[in-house]
Amino acid sequence: MKDHTEGYLVEFDKDVVSYEEILEKWKAITSPYPTDRQYRSAVFFANAKQEAIARAIVGDMEHVDIEPVKRFYLAEERHQNFLDRL
């Protein structure tokens, strides 16, 4: 499964919360998977500033890939807003 990665699209208002704050929170609550498993942990960035922030915050974490955003495809409708249906 190395040809795609399942992920979350996080849209945020930078005047309310920063990319840095989001990554700090994610780092505090995540447990990265070893890269030899089916799943992997990754942080994606949209520009050079976000890349620098990501490398500064999570660059020391084992088993976390830091990559540029390429394409993002929404999951099928039945997978959307899952928590709202609980």
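This text gives an overview of the structure that appears in the document.

Here is what the cut-offs are and how they apply
Residues numbered from 1 in each chain as written. Predicted model: local features only at pLDDT ≥ 70, side-chain atom pairs only at ≥ 80, totals over all residues. Heavy atoms only, no water. Helix = DSSP H or I, 4+ residues; strand = E, 2+ residues; numbered from the N terminus. Buried < 20%, exposed > 50% of the residue type's maximum accessible area, 1.4 Å probe, protein only. Polar contact = N/O pair within 3.5 Å; in protein donor to acceptor, adjacent residues only side chain to side chain.

1. Describing the environment of Lys-25
Topologically, Lys-25 is positioned in helix H1 (residues 19-29). Distance from Lys-25 to Arg-78, taken between C-alpha atoms, is 28 Å for residues 53 residues apart in sequence.

2. Considerations on the environment of Arg-78
Assignment of secondary structure puts Arg-78 in the segment after strand E2 (64-68). The class of Arg-78 is exposed, set by a relative accessible area of 58%. Taking the C-alpha atoms as reference points, Arg-78 and Asp-65, separated by 13 residues in sequence, lie 28 Å from one another. At 2.9 Å, the side chain of Arg-78 forms a polar contact with the side chain of Glu-76.

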